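Each chain, written out:
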Amino acid sequence: IAFLLIKTLTTCLIIFLPSKSHETKRQNMEASLTARDRVGIQDFVLLDTYTSETACLDNLRKRFHENLIYTYIGTLLVSVNPYKELDIYSKKQMDTYMGVNFFELPPHIYALADNAFRTMMSEFNNHFILISGESGAGKTEASKKILQFYAVSCPSTKVLNNVRDRLLLSNPVLEAFGNAKTLKNDNSSRFGKYMDIQFDHQGGAVGGHILSYLLEKSRVVHQNHGERNFHIFYQLVEGGEEDLLRWLGLERNCKHYRYLVQGNCAKVSSINDKSDWKTVRKALSVIDLSESDIENLFGIIASVLHMGNIKFEADARGYAMLNNNQEMQWLLGIPNQVLQQGLTHRKIEAKSEEVFSPFSVDHAVYARDALAKAIYGRTFSWLVNKINESLANMDSSRKTVIGLLDIYGFEVFSVNSFEQFCINYCNEKLQQLFIELTLKSEQEEYEMEGIEWEPVPYFNNKIICDLVEEKFRGIISLLDEECLRPGEATDLTFLEKMEDKIGGHPHFVTHKLADQKTRKTLKRGDFRLLHYAGEVTYCVVGFLDKNNDLLYRNGKEVMRQSKNAIIKHCFPSTEPDSKRRPETVVTQFKNSLVGLTEILMMKEPWYVRCIKPNEAKQPGHFDDVLVRHQVKYLGLMEHLRVRRAGFAYRRKYEVFLQRYKPLCPDTWPNWKGTAAEGVRCLIKHLGYKSDEYKMGRTKIFIRHPRTLFATEDAFQVCKHKLATRIQAKYKGYKVKGDYLKQREAATKIETCWRGMMARRERQRRAWAVTDLLICSRFIKGFMNRHQPACTDNSEYLAFVRHSYLTRLKENLPKTILEKDSWLTPPPILQELLLKAQTSALFKGKKENYPFSVCRPFADTRICAEDISIKVLQMIQHEKVKYSVPVVKYDRNGFRPRLRQLIFTQEAAYLVEEAKIKQRIDYSSLKGVSVSNLSDNFLILHVTCDDSKQKGDLVLQCDFLFEALTKLSVIVNKQNCIHVVQGSVRFDIQPGREGFVDFKSGQESMVYRAKNGHLMVVSL
Ligand SMILES: Nc1ncnc2c1ncn2[C@@H]1O[C@H](COP(=O)(O)OP(=O)(O)O)[C@@H](O)[C@H]1O
Ligand SMILES: [Mg+2]
């Protein structure tokens, strides 16, 4: 459940949960309403007091101080020049704006560029972006930002990158030739520019085309104080290579050239002519200019500079003449003679004759300057054409285009002249275009949404356009008429003509026509137009002259003689000569504007209005008066009024419902029906009045911003409650999740633990079983330890033996004979001690000893049952220690008889069945003799005091070594056993002796020798 809930609340979570995800960055328009007190609103359309210039200004100011330089009026973008680098043009920013809907992110030039591009791609139609604003407001920067955005966001291939580089690099070239430092802007464009970017059906930029408008040629020969000529002149003089300068006859010093010093500011800190020169040089080759083109181009720039330095002197009649002018040689390879003639004379054609009339000095200067302007102006057009050739796309498949129009905005100076008239006329035309296109698209949207179109009052500036351009009656017609008519036409006659023809027009006023109050604000030579953006007063002085832009016919002829290919191309011999007068400047301009309007009318419009916050080019400074002025002249209020003609706010049902559904219990958390029904239910709950909104086919239209704001504020309040609920749910969900995880983990651990314990128990039991077996065997072995070795005790005995020997190893006595210091062996190993004893007694002494070593000793050789009970009864008290069968040889006659020899604690007994034949108390045992040979004979010597006592015993015993060792232990006399050689003497009875002789032989034998001795032969 929690999961489902969270899923449904995703949108809300985006706002509530602090997260750095991409989603949070998508602060959509409605979301930003929250902070509107601080950062203003992102769309002027939502200004409740949309007719108030002050409210508009306040909003701009708030945003400007928060570094929010962009604000929308619907889809129009207002941009305030920050005069500082903002971190909003990075690649990352571009990525953020790519493919995102207009209102999903804060206003940005990238949003506009991206939306224009995406609309073009999806609808496969053409668009244009009109960028307007005062000089220095940021138009050119804006157009560059758009171009850069496309350079990064459009698909790229090697070929496309080539086009992209040309598009980008055409900019520095055009800026070098067409931009200049003015008082308003260090890089002011002195021409209007319309650039088409052509895209193929996959969105790749495949080509471009540039149209230029009304280059300010007068700048070539004259600059106001604090202004400069076009950048290219300074770049060449400052940055040009030594060789190049020498070849062009130039010196590296701008002060030498009259055309460069009039503004008295050749050097500007914000401009680096040297490095700009390098950029331009490089760009020229990228846009496909050949080396000879480039040489010719710089030849022209140098020639213009030289031309400016030409001086005229007056001859005796006051006519201009050229004396010793060094510059002449550098002028475009034109023969000196021709040039001199051309600069000092005017050709007049009279009937079939050609007459040269000399110039006065002033006239000559005028003609020289006119020529310089013409040369520069035509070269500029040539350059634009060249760039167009390099941008041209040869592929004939269908293309769509986005046009970028970087054009002068409304200009109002203290003194306004012909140029301002043209420029402001241009803006009137563009405003007309805007009105037509905007109203058209508004109407279309209403129609599409099925909403009735309600005509709303707004100012249509068509009346002013007509005033200027109407055939025969318009100001342009009147001006041309005045320029062309024979007779003495002057600026003032032009003024009178206007007063005469259009004097009654509500948007036209002059000193003469004005009422008392207005008259005070007008000079005699002024006329005032009430433009859509406000009043502008023009001074008629210079209108005729500038409109004529006279270039004497022979000036052109002179140029035709140039060796410079560009000049030749710019002054073609096929040019219609003076028989048909060339079109006046204003007519040319009017025609080019008509052309432009036609181009634009067929495209979808997007607008960028640039505003300059202060005159000092300072960051952070917002000059209220200046901005108010621009808001007015940019027609922002008019624009807003048109936008707001119907409804302030419109959104797709889905988007509206998604955001505001928490405000109604029926739509929260999920609406089951269609989005439109959901919205209807929602607004019913919110209590919208019927005249506050309209339901279109796919969108809701809200008439006043205050309705939307109330909804938004309610949402802000509700959001916190919701946030708490969501958080609680989420926490619960998370804790539950954690608990389940822990429980699972605990179960797992328990299972493992139990398994391990069980395995251990099983092992223990298995061990116990084995242990038991071992134990039982051990016990059995223990119980049978005294039995002869058998399966029952073998293991036990082995263990005992092993353990004793291990212990013994550590505690061996110094010598074998230190009897007491031997570790007490276990019974089965008593034998070992005995064997050691045997070894001490017989080793190396008796021959058959080695054979005895491996024969284990036994405790006894006759078991108790085999000894007569009678005997046992008699000797029991002495404890029987050992018994062994023996052969006794009679002392007399040596007859062998089987007997038992029994050792007790006290004595040795010779037993014959139930009879004790002889008792030998150990105290009376003198010793025991054995031979050194392999026989088994032993002779027990006894003390014999009286004759009744029996004498020594001669015995043969198969267990001789065992018996004697036991005996020696029992009697505890080591030296009682003697190993002898040859013969043993023994007492038969006191005083009577016998002998036993030992020898070795082939066969073992025992017999009575002839000498009466017992002879024992052993092997
Ligand atoms: N978006 C911007 N960010 C930073 N500086 C800007 C911006 N727009 C303009 N400027 C500054 O203002 C100057 C004038 O801008 P520019 O586009 O040449 O004006 P215009 O073409 O309207 O005469 C630029 O050289 C630049 O220093
Ligand atoms: Mg510009």
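Residues numbered from 1 in each chain as written. Chains lettered and ligands numbered in written order. Predicted model: local features only at pLDDT ≥ 70, side-chain atom pairs only at ≥ 80, totals over all residues. Heavy atoms only, no water.

Caption draft 1: Summary view of the overall build of the protein chain. The secondary structure content of the protein chain amounts to 37 helices and 31 strands. By the compact-globule yardstick of 31 Å for 1019 residues, the protein chain is too spread out, its C-alpha radius of gyration being 66 Å. For the protein chain, the C-alpha atoms occupy an extent of roughly 205 × 85 × 50 Å along the three principal directions. Relative to its full complement of 1019 residues, the protein chain shows a buried share of 51%. Taking contacts inside the protein chain between residues at least 6 apart in sequence as the whole, the part at least 24 apart equals 64%. When the 145 basic and 120 acidic side-chain charges of the protein chain are each reduced to a single mean position, those positions are 9 Å apart. (Helix = DSSP H or I, 4+ residues; strand = E, 2+ residues; numbered from the N terminus. Rg over C-alpha atoms; globule rule 2.2 N^0.38 Å. Buried < 20%, exposed > 50% of the residue type's maximum accessible area, 1.4 Å probe, protein only. Contact = heavy atoms within 4.5 Å. Lys, Arg positive; Asp, Glu negative; His and termini not counted. Charge placed at Lys NZ, Arg CZ, Asp CG, Glu CD.)

Caption draft 2: Representation of the site of ligand 1 within the structure. In the vicinity of ligand 1 lie 15 residues, with Asn81, Gly136, Lys139, Thr140 and Asn185 positioned nearest. Taking glutamate 141, its main chain carries an N or O atom lying 2.8 Å from an oxygen atom of ligand 1. If ligand 1 stood free it would expose 550 Å²; the protein chains cover 85% of that surface. Looking at side-chain class alone, the shell around ligand 1 contains 4 nonpolar, 7 polar and 4 charged residues. (Near = heavy atom within 4 Å. Polar contact = N/O pair within 3.5 Å; in protein donor to acceptor, adjacent residues only side chain to side chain. Areas by Shrake-Rupley, 256 points an atom, 1.4 Å probe, with all protein chains shown as cover. Nonpolar A, V, L, I, M, F, W, Y, C, P; charged D, E, K, R; others polar.)

Caption draft 3: Spatial organisation of the packing of aromatic side chains. Enumeration over the complete set of coordinates arrives at 36 aromatic pairs. A centroid spacing of 5.1 Å and a plane angle of 20 degrees characterise the contact between tyrosine 110 and phenylalanine 149, whose relative ring orientation is stacked. Here the residue tyrosine 110 occupies a position in helix H8 (residues 109–123), and phenylalanine 149 occupies one in helix H9 (residues 139–153), the gap between them amounting to 39 residues. Grouping residues by exposure puts tyrosine 110 and phenylalanine 149 together as buried. A centroid spacing of 5.6 Å and a plane angle of 85 degrees characterise the contact between phenylalanine 418 and phenylalanine 543, whose relative ring orientation is edge-to-face. Of this pair, phenylalanine 418 sits in helix H19 (residues 418–449) while phenylalanine 543 sits in helix H24 (residues 543–548), and the two are 125 residues apart along the sequence. As far as burial versus exposure is concerned, phenylalanine 418 and phenylalanine 543 are alike and both buried. Site record: aromatic cluster; members linked through ring pairs are Phe418, Phe421, Phe494, Phe508, Phe527, Tyr538 and Phe543. Sitting over the ring of tyrosine 234, arginine 228 keeps its end group 3.9 Å from the ring centre. (Phe/Tyr/Trp six-rings, centres within 6.5 Å; stacked < 30°, edge-to-face > 60°. Lys NZ or Arg CZ within 6 Å of the ring centre and 35° of its normal.)

Caption draft 4: Spotlight on the coordination of the magnesium ion (ligand 2). Those protein atoms acting as donors to the magnesium ion (ligand 2) are Thr140 (OG1) and Ser189 (OG), and they sit at 1.9 to 2.1 Å. Here threonine 140 is found in helix H9, whereas its partner serine 189 is found in strand E5 (residues 188–189), with 49 residues between them in sequence. Across the pair, serine 189 and threonine 140 agree in class, each one buried. (Donors = N, O, S within 2.8 Å, 3.2 Å for Na, K, Ca; no water.)

Caption draft 5: Focus on the pairing of strand E31 (residues 1014–1018). Among the 5 residues of E31, 5 are classified as buried, and the element is accordingly described as predominantly covered. Burial of the side chains of E31 extends over both faces: Leu1014, Val1016 and Ser1018 are buried on one face and Met1015 and Val1017 on the other. As paired elements, strand E29 (residues 992–1000) and E31 share 5 bridges and run parallel to each other. Bridged to serine 1000 within E31 is serine 1018. One ladder, built from 4 bridges, connects strand E30 (residues 1005–1008) with E31; its direction is antiparallel. Each bridged residue has a counterpart across the sheet, and for arginine 1008 the counterpart in E31 is leucine 1014. (Pairing = 2+ DSSP bridges.)

Caption draft 6: Region of interest: the environment of leucine 544. Secondary-structure assignment places leucine 544 in helix H24. Counting along the chain gives 41 residues from leucine 544 to valine 585, while the straight-line C-alpha distance between them is 9.9 Å.

Caption draft 7: Molecular detail of the sheet that holds strand E23 (residues 915–921). Reading across from one edge, E23-E22-E21-E20-E26-E25-E24-E27 is the order of the 8 strands in this open sheet, with mixed pairing throughout. The sheet terminates laterally at E23 and strand E27 (977–980), the two strands that pair on one side only. Each strand axis lies, on average, 35 degrees off the axis of its neighbour in the sheet, ignoring direction. Two elements, strand E25 (residues 937–942) and strand E26 (residues 953–956), share 4 bridges in a ladder whose sense is antiparallel. Residue pairing across strands places leucine 940 opposite leucine 953, the latter belonging to E26. Lying over the sheet, helix H37 (residues 960–971) contacts strand E20 (880–889), strand E21 (896–904), strand E24 (925–931), E25 and E27, oriented at roughly 155 degrees with respect to E24. (Axes fitted to C-alpha atoms, helices over the stretch in contact; angles between N-to-C directions.)

Caption draft 8: Structural detail: the state of the cysteines. Here the structure, examined in full by the defined rule, presents 0 disulfides. Free of any disulfide, cysteine 790 has its nearest neighbouring cysteine sulfur in cysteine 863, separated by 17 Å. A residue is classified by how much of its surface remains accessible, and cysteine 790, at 31% relative accessible area, is partly exposed. (Disulfide = S-S within 2.5 Å.)

Caption draft 9: Structural detail: the nonpolar core. Counting 107 residues, the largest nonpolar core has Ile129, Tyr150, Phe177, Phe233, Ile375 and Met559 as its most contacted members. Element by element, the count of residues in this core is highest for helix H18 (residues 361–391), at 13 residues. Residues contacting phenylalanine 233, with those up to four places away along its chain left out, are Val220, Leu260, Ile301, Val304, Leu305 and Tyr376. Membership of the second largest hydrophobic core comes to 98 residues, among which are Leu76, Ile423, Leu479 and Val642. (Core = buried A, V, L, I, M, F, W, Y, C linked by side-chain atoms within 4.5 Å.)

Caption draft 10: Inspection of the sheet that holds strand E13 (residues 508–510) at higher detail. Within the open sheet, the 3 strands sit side by side as E13-E14-E15. Their pairing is antiparallel. The open sheet is flanked by E13 and strand E15 (534–539), the only strands paired with a single partner. Mean inter-strand twist for the sheet, computed between neighbouring axes without regard to direction, equals 25 degrees. Relative to strand E14 (residues 526–531), E13 runs antiparallel, the two being bridged by 3 bridges. Among the inter-strand pairings, valine 509 is bridged to a residue of E14, identified as arginine 528.

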